[in-house]
Amino acid sequence: MKYQAPKGVKEYLPPASAQFERVREALLAPARLANYQLMELAIFEETEVFTRGVGESTDVVSKEMYTFTDRADRSLTLRPEGTAGVMRAVIESGMDRGQLPVKVFYNGPFFRAERPQAGRYRQFYQVGIEAIGSDDPLVDVEVISIATEGFANLGLRGFKLVINSLGDFESRNAYRLELSRFLSTLDLDEATRERARINPLRILDDKRSEMISALAKAPNILDSLNPQSREDFSKVQQGLDALGIAYEIDPRLVRGLDYYTKTTFEFIHPQLGAQSGIGGGGRYDGLMESLGGQPLSGIGFGIGIDRVMLACQAEGIDISQEIPLACFIIPLAREWELEAFRIGAELRSVGLRIDFAFGDRSLKGGMKAADKSGATFAFVLGERESQSRTVELKELGTGQVQSVRLADLATLLGNAVKRSKGN
Ligand code: HAM
């Protein structure tokens, strides 16, 4: 019997996993520099965290959740997104009663039962950040700039940033009414009418071409913003301008989750075809309260690591840079294994990547393994080397050999690694 990973589950094995790590770290680095702190969260939650948090009218909740009952008959769901769980954890731990804003980041797998295709998976990976407890529009700017910094770290250029404002509760409710009135003049099918009843904004997200043309005359959300929402949105734009971050305004951008208010944004990479959203987020004024917490506002983003990797490929960006394997050590016989291991451990402790020929191999077998490993150098350790404290270091690419004292090995390998990174 040969087993396969479940359909639509994206896994990263070597060597692609090194690229995955690099993308993840490039996206997280700007969050750390902006003083966001790691949250390592539950992968499954009580189902209600998502039905209440994300909203019943969304595709994510109504069609895409992996929900199961545990042995005590509790309904649990694999997290389809990160924000509702962050909110649950912040309320549960009382972080919302300490210093505000609470600034956290997270990363890991998320689960949605979607139809798999390129860039759309059932298990996918996100890097996300949330800033909770400040209404200051400059926090919106910080959050968006952390995403753009992450993309810049990778050298990505071909994406665009689209922003919108859904307004505060008052503005959003005024718009909902107006939109409902407009939708009632259209001839909608039963399912769409039901969605419109739960949340009319969802209809703006409808990607069917007949709906796109039917909505051409829909009222513009930006016309419904009250003075406060208008001022906040204009401050967000001023902040982005000040940082030189280019953006387009799209009054149709409502995003697929129900908790959004005020600023919403999305990063689109047109070269990715149907699944072009590489990241998105926005402000959520009522989310914490709807999960039983204080009425604190927050804003954050989720970036899809899988899609950012595809975007890098599409732009021809080489994301394969990892620490090169500096040296492969071949103990000449069992007798010299521990000495070889000790030398290797010392080299690793100064940050060099080192591997060994494990098992009782012949010299020939050991050299073959060294060649296959992709290491820059290799050496053999036997009685002579151990006594003279000198090894014959072979550069595997050129076949050149030089005698190197063990005491000088770390410096020599370190310099070689630096040189190869500089290329
Ligand atoms: P989202 O737009 O649903 O937002 O997901 C964020 C990103 O995750 C998307 O832009 C996309 O890159 C990636 N993504 C989503 N679904 C899939 C999938 N099936 N396969 C591959 N990649 C996918 C959220 O999840 C919000 N929690 C973001 C947020 C944080 N808003 C405020 N704070």
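Everything quoted here is computed from the prediction, not taken from an experiment.

Cut-offs and rules
- Residues numbered from 1 in each chain as written.
- Predicted model: local features only at pLDDT ≥ 70, side-chain atom pairs only at ≥ 80, totals over all residues.
- Heavy atoms only, no water.
- Domains from an automatic or database assignment.
- Patch = residues over 30% accessible without salt bridge, like charges linked within 9 Å, V, L, I, M, F, W, Y side chains within 5 Å.
- Areas by Shrake-Rupley, 256 points an atom, 1.4 Å probe, with all protein chains shown as cover.
- Salt bridge = Lys/Arg side-chain N within 4 Å of Asp/Glu carboxyl O.
- Lys, Arg positive; Asp, Glu negative; His and termini not counted.
- Charge placed at Lys NZ, Arg CZ, Asp CG, Glu CD.
- Helix = DSSP H or I, 4+ residues; strand = E, 2+ residues; numbered from the N terminus.
- Pairing = 2+ DSSP bridges.
- Axes fitted to C-alpha atoms, helices over the stretch in contact; angles between N-to-C directions.
- Contact = heavy atoms within 4.5 Å.
- Near = heavy atom within 4 Å.
- Polar contact = N/O pair within 3.5 Å; in protein donor to acceptor, adjacent residues only side chain to side chain.
- Buried < 20%, exposed > 50% of the residue type's maximum accessible area, 1.4 Å probe, protein only.
- Arc of directions from axis to C-beta.
- Parallel < 35°, antiparallel > 145°, perpendicular 65-115°, else oblique.
- Nonpolar A, V, L, I, M, F, W, Y, C, P; charged D, E, K, R; others polar.
- Left-handed = near helix turned anticlockwise from the far one by under 90°.

Quick notes on the domain arrangement of the chain
Logical step 1: What the domain assignment lists for the chain is domain 1 (16–168 + 247–314), domain 2 (169–225) and domain 3 (325–422).
Logical step 2: With centres defined by C-alpha atoms, the gap from domain 1 to domain 3 works out at 45 Å.

A word on a positive patch on the surface
Logical step 1: A cluster of basic residues, R361, K364, K368 and K372, forms a positive patch at the surface.
Logical step 2: In this fold, R361 is placed in the loop between strand 13 (353–356) and helix 13 (363–373).

Observations concerning the sheet that holds strand 14 (residues 377–381)
Logical step 1: With mixed pairing, the five strands of this open sheet are ordered in space as 13-12-14-15-16. In the strand order of this sheet, the two ends are held by strand 13 and strand 16 (401–405), each with one partner. Pairs of neighbouring strands in the sheet enclose a mean axial angle of 30°, with direction left out of account.
Logical step 2: By the bridge criterion, two bridges tie strand 14 to strand 15 (residues 390–395) in an arrangement that is antiparallel. Paired with A378 across the two strands is K394, which belongs to strand 15.
Logical step 3: Its contacts with the sheet place helix 12 (residues 337–349) against strand 12 (325–331), strand 13 and strand 14, and it is angled at close to 165° to strand 13.
Logical step 4: Contacts from helix 13 reach strand 12, strand 14 and strand 15 within the one sheet, and its direction differs from that of strand 12 by about 170°.

Some details on the site of the ligand
Logical step 1: Contacts to the ligand come from 27 residues, most closely from E81, E114, Y121, Y260 and G277.
Logical step 2: The separation between a nitrogen atom of the ligand and a polar side-chain atom of E81 is 2.6 Å.
Logical step 3: A distance of 3.4 Å separates a nitrogen atom of the ligand from a polar backbone atom of G300.
Logical step 4: Relative to its free-state accessible area of 660 Å², the ligand is covered by the protein chains to the extent of 95%.
Logical step 5: For the shell around the ligand, the secondary-structure elements that each account for two or more residues are strand 6 (123–132), strand 10 (277–283) and strand 11 (298–304).
Logical step 6: Take the shell around the ligand: its biggest share by element is six residues, from strand 10.

Structural notes on helix 13
Logical step 1: Buried within helix 13 we find G366, M367, A369 and A370. The arc that holds the buried residues of helix 13, viewed along the axis, is 160°, so those residues lie on one side. Exposed and oriented more than 90 degrees from the buried face of helix 13 are K364, K368 and K372.

Digging into the side chain of R202
Logical step 1: Counting through the fold element by element, R202 comes out in the loop between helix 7 (190–198) and helix 8 (209–214).
Logical step 2: Residue class for R202 comes out buried when judged on its relative accessible area of 3%.
Logical step 3: Apart from residues no more than four positions distant in its own chain, R202 is found in contact with S57, T58, R195, V254, R255, G256, L257 and D258.

Regarding the packing of helix 1 (residues 16–33) against helix 11 (residues 305–314)
Logical step 1: Interhelical geometry of helix 1 versus helix 11 gives an angle of 105° and a closest axis separation of 10 Å. The angle between helix 1 and helix 11 falls in the class roughly perpendicular. Here A16, Q19, F20, V23, R24 and L27 of helix 1 come into contact with helix 11, specifically with I305, V308 and M309.
Logical step 2: Its residues placed into classes, the contact of helix 1 with helix 11 shows seven nonpolar, one polar and one charged.

Focus: the packing of helix 5 (residues 137–154) against helix 9 (residues 227–242)
Logical step 1: Where helix 5 meets helix 9, the axes come as close as 8 Å, and the angle between the chain directions of the two elements is 40°. If you check the angle between helix 5 and helix 9, you find them oblique. Note on packing geometry: the crossing formed by helix 5 with helix 9 is right-handed. For the pair helix 5 and helix 9, contact is made by P137, D140, V141 and I144 and by D232, K235, V236, G239 and L240, respectively.
Logical step 2: Classifying every residue of the contact of helix 5 with helix 9 by side-chain character gives five nonpolar, one polar and three charged.

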